[in-house]
Each structure stands twice: as structure tokens, then as C-alpha cells.
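# Secondary and tertiary structure notes
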There are 4 protein chains.
Amino acid sequence: MGMVGGGRGAFIGGVHRMASALDGQIELVAGAFSSDPEKGRLSGEDFFLDPERVYSSYAEMAEKEAAREDGIDFVSIVVRNDLHAEVAIAFLEAGINVICEKPLSYSLEEGKRIAEVVEKTGKVFALTHNYTGYPMVKEARAMVQAGKLGRILKIVAEYPQGYAISSLKEASEDGSISNWRMDPSVSGISNCIGDIGTHAENLAKYITGLEIEELAAELTAFIPGQELDSDGNMLIRFKGGAKGILFASQISTGDENNLNIRIYGTEASLEWHQEHPNELTVKYADAPREIHRRGNSYNGEVCGQNTRLPFGHPEAFIEAFANVYLSAAEAIRDEIEGNYPRESGYDFPGIEEGLEGMAFIEAAVASSKNNAAWTKLG
Amino acid sequence: MGMVGGGRGAFIGGVHRMASALDGQIELVAGAFSSDPEKGRLSGEDFFLDPERVYSSYAEMAEKEAAREDGIDFVSIVVRNDLHAEVAIAFLEAGINVICEKPLSYSLEEGKRIAEVVEKTGKVFALTHNYTGYPMVKEARAMVQAGKLGRILKIVAEYPQGYAISSLKEASEDGSISNWRMDPSVSGISNCIGDIGTHAENLAKYITGLEIEELAAELTAFIPGQELDSDGNMLIRFKGGAKGILFASQISTGDENNLNIRIYGTEASLEWHQEHPNELTVKYADAPREIHRRGNSYNGEVCGQNTRLPFGHPEAFIEAFANVYLSAAEAIRDEIEGNYPRESGYDFPGIEEGLEGMAFIEAAVASSKNNAAWTKLG
Amino acid sequence: MGMVGGGRGAFIGGVHRMASALDGQIELVAGAFSSDPEKGRLSGEDFFLDPERVYSSYAEMAEKEAAREDGIDFVSIVVRNDLHAEVAIAFLEAGINVICEKPLSYSLEEGKRIAEVVEKTGKVFALTHNYTGYPMVKEARAMVQAGKLGRILKIVAEYPQGYAISSLKEASEDGSISNWRMDPSVSGISNCIGDIGTHAENLAKYITGLEIEELAAELTAFIPGQELDSDGNMLIRFKGGAKGILFASQISTGDENNLNIRIYGTEASLEWHQEHPNELTVKYADAPREIHRRGNSYNGEVCGQNTRLPFGHPEAFIEAFANVYLSAAEAIRDEIEGNYPRESGYDFPGIEEGLEGMAFIEAAVASSKNNAAWTKLG
Amino acid sequence: MGMVGGGRGAFIGGVHRMASALDGQIELVAGAFSSDPEKGRLSGEDFFLDPERVYSSYAEMAEKEAAREDGIDFVSIVVRNDLHAEVAIAFLEAGINVICEKPLSYSLEEGKRIAEVVEKTGKVFALTHNYTGYPMVKEARAMVQAGKLGRILKIVAEYPQGYAISSLKEASEDGSISNWRMDPSVSGISNCIGDIGTHAENLAKYITGLEIEELAAELTAFIPGQELDSDGNMLIRFKGGAKGILFASQISTGDENNLNIRIYGTEASLEWHQEHPNELTVKYADAPREIHRRGNSYNGEVCGQNTRLPFGHPEAFIEAFANVYLSAAEAIRDEIEGNYPRESGYDFPGIEEGLEGMAFIEAAVASSKNNAAWTKLG
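Cut-offs and rules
- Residues numbered from 1 in each chain as written.
- Chains lettered and ligands numbered in written order.
- Predicted model: local features only at pLDDT ≥ 70, side-chain atom pairs only at ≥ 80, totals over all residues.
- Heavy atoms only, no water.
- Helix = DSSP H or I, 4+ residues; strand = E, 2+ residues; numbered from the N terminus.
- Rg over C-alpha atoms; globule rule 2.2 N^0.38 Å.
- Areas by Shrake-Rupley, 256 points an atom, 1.4 Å probe, with all protein chains shown as cover.
- Lys, Arg positive; Asp, Glu negative; His and termini not counted.
- Charge placed at Lys NZ, Arg CZ, Asp CG, Glu CD.
- Pairing = 2+ DSSP bridges.
- Axes fitted to C-alpha atoms, helices over the stretch in contact; angles between N-to-C directions.
- Buried < 20%, exposed > 50% of the residue type's maximum accessible area, 1.4 Å probe, protein only.
- Contact = heavy atoms within 4.5 Å.
- Parallel < 35°, antiparallel > 145°, perpendicular 65-115°, else oblique.
- Nonpolar A, V, L, I, M, F, W, Y, C, P; charged D, E, K, R; others polar.
- UniProt positions renumbered as here; feature names shortened; annotations may be inferred.
- Buried area = accessible area lost by both parts, 1.4 Å probe.
- Salt bridge = Lys/Arg side-chain N within 4 Å of Asp/Glu carboxyl O.
- Polar contact = N/O pair within 3.5 Å; in protein donor to acceptor, adjacent residues only side chain to side chain.
- Least-squares fit on C-alpha atoms with pLDDT ≥ 70 in both.
- Domains from an automatic or database assignment.

## So, the overall build of chain A
Across its full length, chain A carries 12 helices and 14 strands. For chain A, the C-alpha radius of gyration of 21 Å lies close to 21 Å, the compact-globule estimate for 378 residues. C-alpha atoms of chain A, sized along the principal axes, occupy 65 × 55 × 40 Å. Here chain A has roughly 13100 Å² of accessible surface; of this, 47% comes from carbon and sulfur atoms. Each charge class in chain A can be summarised by its mean position, and for the 34 positive and 58 negative side chains these summaries are 4 Å apart.

Dropping the structure here:
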């Protein structure tokens, strides 16, 4: 694989590298790691790459890798939101499969442009909504699909983080921004909902299959001098009648990466906490609460396929991320061998999930600007 | 004390009796336990009462107890919502102090009538919002008051229960109602928000002191054939700028009495779970999370005063309820001795909290009928 | 009931009073609360007693109450260990039933003297091993009795407390003792094992029915200047082949009242934590872990009978204590009515459990003195 | 690196490969994966190795790799206990560094032979006591070293697993053994204590630095027809006066990989649970309990150096394992560059820890055979 972005010191680039390396199936061989050529070069050294395949621009990389006989099978895109579209399109059009960081793009419109190119080229496009890679999330989905919850009545999805509270307290006097996610010219129309709210939305959709009909959102820019939201709360109406609450926050002091979901059905309810990912709680009206734990044979097939270690040997974030890579790699292998897409489908988030996420962001921002009026997804 | 309602088999009447008996300060000596005279009489026997003081109507009881030299110091009212006003007013006007179940009344209007009589008579009126009686809730309040949270930014209050899911699944064909809380002629305009949503609202107010400016609510009557809500979700704007989410439910399968609150401030955040009431979690941006536990000397004075047992010897629901009784008993003692109200105040919910609760219910119902439009509290 | 000991400020006396008052079935009417007559008198006032029935000695109380037509039905003994035997014997011989604090007595020998008098008089003798009063402990026992665990292989019972760590750090220079439990002339041959180790032993026995064959114990007197143990660890061999670990401690810094038990069987295992008493965890080899929660209809009959509140409304220490009182009260009522003992038995700890506890203490101390050699229970 | 053992389907070999691959620093280039040549060959294909470097015996591998200019820098040994010594010695004597699975060897005697060769050759020898690789375990150690616990009084180390309960229930009639750990000719004198008890022992030593003076152990072979222990409980006396309890089990039904440790000091206590490895609980006598969480800046330097992801993005078993690899790799790099050992030392378990583990196993078995008599470590 190749990588665009993710040079020295970048958090998410490192995650992609670890996740792709974990299973010994994928090798990083090329990259355009930084707009700063020196930093790019040094990053290439860090990763033991052939200097010839360390590029100073993604355009050059797409062109040259496409031309090599041993060129990369796919590229990982870990640049800022505003560059997703142009980079993804460049590689797709060069005939190279893509694994892309979420959110899909700077705007829904740009997302649709990517989607057109995906369709036109027939290449694989995967989006790293990594939280759906957790085995117990897959088990939750399997339980819903098997009807164990009955009819779903209510979903509570939450994603409070607190890391931005220091920005709130020590806002720079000149309005300068330390984190590009807070910069609308880079991040798009939303910070908090775009960065993490979409994970919660995607998680709810992945597990339940329910689509959002409309939402009523209140986003708040708590940080002085910043335009974009650092907190968002919303009511949701799902198609089919289920009701929902979704909230995300970056100013929830002391919360870390507290993505949680509760799904209430007529027969049973589910509860999953990202910070304790190896457990899935199942609640009944009149039977003992159950804790389903990763690695046990009572879990379903898909859960088992996404598990590397025996029970009690905890797996976590990187393994879940690696599951997205492994599933996408299956599709990429099929694509290279001319068998893409296979009829039985794949289990990774792609362009559709990306567009849903962008539509969700735009609806949330529009609703919030309209005093939390109910807003349908575009 | 005397009791109106709460005969054999009634849940909440038993709680009131246990809570009042716990500390050996309050003795049940009279009652009108049931509209069924035989059931009332048998209840009186259960409680070892003088048969002469077991009445067949609350009106008779108010009159006769007021006339006795050794008449009751106060009455506990544990009847259905629609009778709160008339019973409370009868006792207040007879010169007898009142401890009343929540919600205050059938409607805000009736609540205001009670309030007028409370003011006119100068008697003590306590409302058993019992969850504020927990020592660690009092500690949470003390921490907010001492400024340890900084400015409060966000509140998430939740109260999911699942007990009504069986009604949803096995709704009676003829629309008959097993639980009076579902009957609008008895319960008022709301079931779920009225019964438990108000506890969540009261808890948030008690701890933070923040008043609700307006709310946008979606209430759902999930149970076939029923008119009243069995689930409600809302966005809240507090005066001063804090944002909130509040939800309550009776159809959250497998949840029991899952009242939880999270309060996020600029300096620290709090988390409290009613089902594990002896712990209060305090979270910081850059310091270890803390678990404050009941019974320790590091807790504040009020927390300590509301504690009966050493650390590690858990206290629970009844003790919290008894704390409301003990605090109200202080006021009642003052009233009897002519010193009511004392300048330093008391720590129990009263008529003001009751009116807030009724205004909250009415705003939530009005908002929901108006498609979750923002609605100010009356 | 009457009470000996437990005057103003005594912790355990207050617990007994709250536990006995909770259900409105038992009334405190007499007492000899203190060896200090003034303190005894004031305690009587606190409890609203007839001054005539507030005695300055237990001997006087036993004699005079026995002589009254309306004399007490039973006495609660909450004095120091070294006085248990003489007080209990005095009341039993006066024809008055007894509820006594644990451990049974100062020594096994004294315990046997009590046992003789219990047998001779045919009176009820209950011992407040209160932790067996918890509903989920009773559920655990019912599960074992129903064979749900299969054959029991192993028991891990632990009871770490940390309250004495301050004594360890600030031991008085002159060797004076602040806590009578550390004084061998009052407490007997053991402090830690006697005070709390016996609770762990009794809990294991109550749930599993397994008897200790022999034990190998190491007790440590960590507190400078003190002779008695403040910590004890032991290996246990149960009759029938199960193995055990039991430890108790008063110097486990930061632990509060952390009584826990794990019982491993061939078919399932149980785990119960006193500080979260409303839950019982059941673990299987190849099925989801279960959390059984108090108040649900799936629990057994005995669990339900010992429950006062619906699920999710937590019960705790006092209610468990009150369950011992209620069960003992049944026996006492039978005794008064001439029907004691009833054939179907009772569910409260009595003289047998007291003797087992004393034998356990003596074996543990003997083993420890003998360098943890295996020691059979006397 | 090269690998001996760990072919297709072997659990621990896969873990070693994932752990070594995670950080992109170590590449698997050679192996002797199986005594079955075909299986070895196929394993080589699985791992994309040059067939020339897939060997049919470890001896051949050691010889040929030592002879290559681009030969492996170190070998990972993941064979059965009885082969550790011969394989390790072969590579060490061929001048190749070693990372070896625990326990060190079949017997203490064999372990000492390895130690002699390590000393003689001056090569790096690392032992994968992987649980000490967890960041919060390193934080625990740093806290002890900084004196935050005061003097350590007591250690409770436990490691219950339940996976062997099925063997207990369905023991083969002919005494055949499905798991080589149960076979004394392969595993050595102990199964349970050797396989997992040593992890608990090593963890206690790593965090506290305390050495075991003597122990009193009771090991039990619960599985019919098997000679080796499947359960072990012991009392421990540490040098300096601290007391300990250590137990390990394979027949604790429903427990998974439940390694836990509690360390009690005069100033504070620590608690860590392997199944929730990102948290470390710190308890005080009179201050709120603290939860220290991985990834926060309040943690110490070593903890931070062993962390890959931000807080709330959980790390788990593989990352901890990879930390052992990374630390050993530092030493190996030093060795290759002629700078081994560096004065400031390294942070990975080596030959010394291996010998301690073997001495621990031998003492435990000897004590158990001697009716749990106190036995000093050899």
C-alpha cells in the first residue's frame, strides 16, 4: 500500500500503519507523507521505504505508482478533510483503490463527486469508520439481524470527548486556531459532529440498519472565537418509527473517547461501550442481564472472524481498525483479480456510508441554524 | 404522622412507612389508607394502629386529627396524582403539615392552588423527590456550589426504565389500562415525563441550581391504545447558556430504575448513577478520575449529615427517602414550636420544586404537541 | 425488644435499632445501654423510652423485664465480645429470647456455655451474621442447592478493610489501644479474623453448605505494639475436596468493607460483592456471563421474600440486617406462641453458626502460631 | 527476525508475529515453524517468506542464518517448554540473540544451563512475560518506585482461568491428553503454576521489586487422569516482611484470562485488572479513589513511552506484547552495534526473571508435595 499524509507525528497516520501491518498481509511501500518535502523524506526513512517511492506530492505519486509494474494496490488517504476529494479522485482515476479517512469529504457535494468517480472507475473505496470493526459491534449487528431484539424502539448514541476544554479555557486572543478541525476552511461546516458525531451515526446505522428520517439538532460553538461546533445534541426520528438521541462533544471535561450506544428493542436491548470494547451487554425484560464477551464460541460467525485472540486476552482499537483494513483488502484482492465486487458482499464502510455521513452533517448544521427545526437528510 | 393512601400492597406507601420509621423519630399513628373501608381497616391492623384513628375518608381524618390534642404533626399523602390537591388542601387548612408524593398535582393549575394554601396557612409542605436525599447527590451539589466544576456547560440527565415493555407487547384489546399512571383522567397530561422525567429534572436543578429556560421535547406513546407518553426525549436550554439533554422512558427493555446524571463543567465533571448510589465520579481534564464514596471524611458536611453508616456499608433507596423525611421533620418540629421557617433554611424539596416540576411537564407536553418546538417554562 | 449496649454514639447499636424498626414489626421498649448510668439514661431519652425501663445493668434488666407482664419478647445484645456470654446467659435463663452480635463469644469455651443454656432453655438465639441477609446471597445459596453450579471445586472469600492503617502509621508510643477489638482481654484471641474473617467464613458456609475440614493460616499483627492480628490469609480444605482461600484484613489501605466471594463449580461459578449487593454474577464455561439483579421475578422464592423494593431501587446493608431480624422474629413469635421450633426451619444464623465461627477463629490462631500448619476445626 | 515454532494454527506464534509487526520496526524473514516439514513450508508461504529461509529444523536454521550476511538479528522461540533450552542454546551459540516464550525452560536446571550460555555469549536474551508490557503496569511500578505507596504490606495476585473445566468434565477414559501443558514430559513439573502462576509471580515482582522469601503452596490436579496441577493456591512471605497470596487456576469456570493484582502499601494501594488494562486504581486511606487511565499526561514517562494511542482509544494485549519486543529490540540493536548492555539498562524480562520463575515453580511443587510446608526459593 501507499499513504498520502500521515508523516512523522501525525496520530491517525500511525494508526493506519499499525492497523495495516498487524496481520502481516499489507506492506507500506510508497508515500507522499507531507507537503513539506524534508519531512516527507524523513518519514519515508522512518518507515524504511525506498526513497524513490517517497513522493513530494500526491499527484506525482498517483502517476508514478500507476505506471510501475509493482505499483501499490491501494492508497491510504489520511490528509485533512478539505483534501480528501482531490486526492481520492486522483488515485481512483489513476486506477488505484482507495482507503480513506472519515469524514468522506469537506462537503456533501464533494462527496458526491468522489462517489461519481468511484462508480465510473469501479475501484474499491473504503472509509475508515473504524468503530464498526470491533468484534462485539459486529455481534450486536448480527443479533439485530437475527431478530433477537424484536422491533427497535429507541437508540441512544453518545460520543462525549473532553479534549477541547483547554481551548475553551485558554482561547487565543487573536482567534488563531491550533487544531485544523476547528477551521471551517479546512474541516468543512462542522467540527464536532463532522469528526465524531458521524462515528456515532455510522455505528447506529451499522448495528441496526435503521435510516435517519429527520433530526432536530442544536450545535454549540462553545470555544470563544471559533465558528464551528464543539458540542452537538439532537433528537432523531428513524424511518419506521424508532426514536433516537445522539450527542457528541469535545468539551465534556474528563471524558476521553467515550463512544457508547444503547439500542432498545421490544424483546431485548443492547449496550456497548467503546472504552470497554470486548463486552456487549444484553438486557431483557424478565431474564438476567447478559455480558457477551469477545472470543467465546457462543458468539456468531462474523464476530469470530474478526477476532484474533482467545477470550480474556483483550483486543482493542488497533485490531478493530485492522479489521476494516482486512475486509477492504479482500475487496482489493478481488478487484486486482478481476472478481470485484463479489456477490456475497463485504463488511467494510464505503462510499455509501460516506455520503450518509455527509448528509447527516449537513442536516445537523442546517437544523441547528434553523433553531433545531426538524430537518430531513438530503 | 398520619397517612392518606398507601394501604396493603401499595408500593410507595410502604416506602414512606419504612423511610419514616428508620430513624426512630417518627411514628405512624393514624391513617385513611384506602377508599375501601375494609381494606383501610385491615391496613390499620397491619400497622398496629388504634382502630379509632383509622379513618374511612381523608376529610374525616383531617377534621378529627386536627381536633385531637395528640393529633398528628403531619400527614403523608400517597394517593394518586388527581387527588393530591384536594387532600393536601384539606390537611393544610385543618392546620396539619404535609409531606406529599410527587408529582405535585394533576396539573400546574391545581399545583398553584396548593401553593396558595401553603402560603396562606404557613404550614410545612414537603414533596418527596427522594433522589435528592442521597448523600452523594448532596455532595455533588456541594461541589457545584463550591465552584469545583467551574462554569457548567452541559447536563445529561437520563431515566430509562423498561417495566412497561410488557404492556407494549401485550396491549389489552379493549384498551383497558392496568396502571393508573397511563390513565389521563388520574395521572394528568403525562405518564412517563410526569412520573420519572420530573425526577431527572429535579435532580439536575438540585445539583446545579440551573433553571430551564426552554425545551424541545418529543414524547411518544409507544403502547398501543394508550394516549399518554411512555417515552420522552428533549433538548434543553438552561438560563445562563448551559445545554442539556434529558430523557426518560418506560419502554427501555431491561433497564430497571436507571436514573443517571452527568454534569460537565469547565473545571471538572460529575457522574452519578442511582443504581450505584454510594459513588460519585469526578472527572478532570488532566488529572486522574476520582471516585468519591459515601461515608468518608473527605466528603463535605451536608453529605456527612445525611449518612448513617460507615464507608463500605452501603446505603440505598430507603435511606435517601428517609433523609427527605428527616429534613422535613426538622421543619415540622420548628413549625410546631413556632420557629418556622428558620433563617438558615432546610434541605428538602417543597412547593417550589413541585411547581417547577408541573411547569416542566406542561412545557414538555406542549412542545411535543407542537412538533418539538422550543417552549418556555410557564 | 430490649437492648443491652448500644448507647449514644455506638455504631452497631444504631444499626440494630434501624434494622429492627424498618418494617414496623418490632419496637424498642427497654434497654441497658451503657455501663455509665448517665449515658444510659440519656440514650433512653434519645429513643423515647419509658425511663422506668431504662436500666443501669443488664442483670437488673433481665430480672425486671422477665417479671413484667408486658416484658420484652427478646433482647438485642450489642456489647463487647467478652460480655456476650454472661449477658446472653442471664437473659436466656430469665426466659427471654436473644439476638446477639457476632462473634458469638470471647472464646469457643464460652460459646459452648451459651450453647448449653440455649439448649437447656429452648429459647431462640440468633446471631447477626448480617451479610447472609442480603437477597442475592440467598439467591446464591438457592442456586447452589438447586445444583446449578454442579460440584463445587473452589471458593475464594475475601474481606479486606483498610480502616486500621492509621493505627499502623501512628501507633501510640505507650502501647495504648484506641479500639477495643485490638485488646485481647476484651476481644479474645483474634481481632481481624474474629471480627470480619468470621463473616467471610460464615458467608461461604451459608451459600455452599461446605464445612471446613482444616486450614493453614498466617495471621499478622501489623500494628506496632499490638498483639492481635490485623491481617490474616489462609488456605482451606473443605470436606468433600473443594479448596479454598480466605483472607481478611484491616490494613488494606483504601478498601472499605470489601467483602467478596467467588464460588467455582463444575457447571457454573458465582461472584458477589458486598459493596454492590444487588447484583450476583453467574459465569459459565461457554455461555454469556449473567448478572442476576435483585427484585426480578426470575429470582427464586427466598430471594423474593427477603426483598422490599422493586428492581433498580437499591437495597443495602440495613435491609439485609433487617432480614436477619425479621427471620429471627418469626422464630420468636413461634416461641411465644409455643410453636418453636417449627419443622420447616428458619433462615437466620444461630448458635451453631456461632460455634462454627469460634472454632474457625481458634483453628486459625492455632495454625498461625504453628507456622501455618494444617489445623482441623475443633 | 526468525521464528522457531509457531506454524499455522499455533496461538502464541501468531501473537509474536503480530506484536513484532505492529510498529513497522521488525520483519519476519526466516523460520523453522514446524517439525512437520510440509506444515513448515506452508507456514512460510503464509508469511510471504523466501522459501530458502524456511527451514525444516532449528539446528539448520541457526547454522545457515548465522552464516548469511543478512542473517536474522534475533530469533523468537515459541516451541514447547521442553525444547526451550536446546533451541535457545543453539541460537545463542550461533551468535544470534533470542526472544523466548515463558516459562524459561522445562526445569530450573535447564534454565541454569541457558543462563550460562547467555552469560558466556553475551547475547541478548528476552523472555516474553508480556503482562509487564502494559503501560499501566509500568505506571504501577513507577508509583511504587517513587514511594507513593509507602511501605508495601501485602500483595494479592490472582490468575484464574476456566478453560480446562471441559477436560475436567469430559476426561478421556484412556488418560490421553489433549493439551501438551498437561503432559509432564513436555511441560515440566507443573502445568497451571508453570503456565500462568509464573505470570502472576513475575507481575508482582516487576511492580514491587519484592522478592519471595518462602511460600506455602497447595496445588491440585483436578482433572481426572492427569498428574499435573490445574489449580494452585499459596501463601507467600516476601523478603522485608510483606505478606502475599497468589493463586492461579485453569478450572475456575467462566473466568477467562483474569489476571489481577492488588498491592497494599502504608500510604496507598494499587489495583490492576488485565482484562481492563487501560486503568489503574489507586486507593487511599482518606482521599477519593483514583482511576489513572492510559494516555494521559499525568502518567509518568515510562508509561508514556509504552503508549501508542491517545486516551480513550484502548490498547490491549498485543500492544503490551509489542512493548516487550520493542524494548528487547533496543537491546538487540545495541548488541549489533556493539553497545550492549547500555548502562541505563533496559525494560524487558530476561534470564534473571526466567530463573526466578523456574525457582518459583520448583518451590511451589515442592511445598505442595510436602503438605504446603513453607519452602524457600532455590
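So much for the structure itself; the text now carries on.
## Focus: the sheet that holds strand β5 (residues 125-127) of chain B
Residues and elements named next belong to chain B. Read across the sheet, five strands follow the order β2-β1-β3-β4-β5 without closing on themselves; strand pairing throughout is parallel. The sheet is open, and its two edges are formed by β2 (30-32) and β5, each paired on a single side. If you compare each strand with its neighbour and ignore which way they point, the axes differ by 15° on average. Bridge count between strand β1 (residues 2-4) and β2: three bridges; the pairing is parallel. Paired with Gly2 across the bridge in β2 is Ala30.

## Comments concerning the side chain of D:His199
All names here are of chain D. Turning to its location among the elements, His199 is positioned in helix α9 (residues 192-208). Residue classification places His199 among the buried residues on the basis of a relative accessible area of 6%. With near-sequence residues (within four places) excluded, His199 lies in contact with Lys102, Thr128, His129, Asn130, Tyr131 and Tyr159.

## What to know about the packing of helix α1 (residues 11-21) of chain C against helix α11 (residues 317-336) of chain C
All names here are of chain C. Look at α1 against α11: their axes get within 8 Å of each other, and the N-to-C directions meet at 70°. Accordingly, the angle class assigned to the pair α1 and α11 is roughly perpendicular. Contact with α1, carried on its side by Ile12, Val15, His16, Met18, Ala19 and Ser20, involves Phe317, Ile318, Phe321, Ala322 and Tyr325 of α11 and no other residues of that element. Split into classes, the residues belonging to the contact of α1 with α11 amount to nine nonpolar, two polar and no charged.

## Here we look at the UniProt feature "domain: Gfo/Idh/MocA-like oxidoreductase N-terminal" (unreviewed entry) in chain A
The feature "domain: Gfo/Idh/MocA-like oxidoreductase N-terminal" (unreviewed entry), as given by UniProt, occupies residues 2-128 of chain A in the numbering adopted here. End C-alpha to end C-alpha, residues 2-128 of chain A measures 16 Å, and it is 43% helix and 13% strand.

## Thoughts on the interface of chain A and chain D
On the side of chain D, 34 residues touch chain A, which itself brings 34 residues to the contact. Approximately 2800 Å² of surface area, both sides summed, lies buried where chain A meets chain D, with 63% of it carried by carbon and sulfur atoms. Across the contact surface, chain A and chain D share four salt bridges. Seen at the junction of chain A and chain D, the total is 16 residue pairs in polar contact (both at pLDDT 80 or more). Secondary structure elements with two or more residues in the side of chain A that touches chain D: α1 (11-21) and α11 (317-336) of chain A.

## Some words on the pattern of salt bridges
Taken as a whole and judged by the stated rule, the model has 136 salt bridges over all chains. The salt bridge involving A:Glu65 is made with A:Arg53; its shortest N-O contact spans 2.7 Å. Here A:Glu65, found in helix α3 (residues 58-67), pairs with A:Arg53, found in the loop between α2 (37-46) and α3; they are 12 residues apart in sequence, far enough to count as distant. Given the relative accessible area of 2%, A:Glu65 is considered buried. Residue classification places A:Arg53 among the buried residues on the basis of a relative accessible area of 6%. D:Arg181 is the partner of D:Asp195 in a salt bridge, and the nearest nitrogen-oxygen pair spans 3.3 Å. Here D:Asp195, found in helix α9, pairs with D:Arg181, found in the loop between α7 (165-169) and α8 (184-187); they are 14 residues apart in sequence, far enough to count as distant. Residues D:Asp195 and D:Arg181 agree in their burial class; the two are buried. One network of salt bridges, in which partners are shared, links A:Glu213, A:Glu214, A:Arg237, A:Lys243, A:Lys376 and B:Glu218.

## A closer look at the relation of the copies chain A and chain D
Superposing chain A onto chain D takes a rotation of 180° plus a shift of 0.0 Å along the axis, which leaves an RMSD of 0.0 Å. Each copy turns onto its partner about a two-fold axis. Taken together, the interface assignments show that 100% of the residues at the interface of chain A recur at the interface of chain D, consistent with an identical surface on both copies.

## A word on the side chain of B:Ser187
All names here are of chain B. Inspection of the secondary structure assignment puts Ser187 in helix α8 (residues 184-187). Ser187 sits in the buried class, given a relative accessible area of 6%. Once residues lying within four places of it in the same chain are set aside, the contact partners of Ser187 are Asn81, Tyr106, Trp180, Arg181 and Leu228.

## Looking at the domain arrangement of chain A
All names here are of chain A. Each assigned domain of chain A is listed with its residue range as follows: domain 1 (2-123) and domain 2 (133-309 + 355-376). One C-alpha centre belongs to domain 1, the other to domain 2; they are set 27 Å apart. Between domain 1 and domain 2 lies a buried interface of about 1300 Å² when both sides are counted; carbon and sulfur atoms form 60% of it. Per-residue buried area on domain 1 facing domain 2 is highest for Lys102, Tyr106 and Leu108; these three make up 42% of the total on that side. Summed over the shared surface of domain 1 and domain 2, the number is two salt bridges. A salt bridge links Asp23 to Arg308; the nearest nitrogen and oxygen atoms lie 2.8 Å apart. The interface formed by domain 1 and domain 2 contains six residue pairs in polar contact (both at pLDDT 80 or more).

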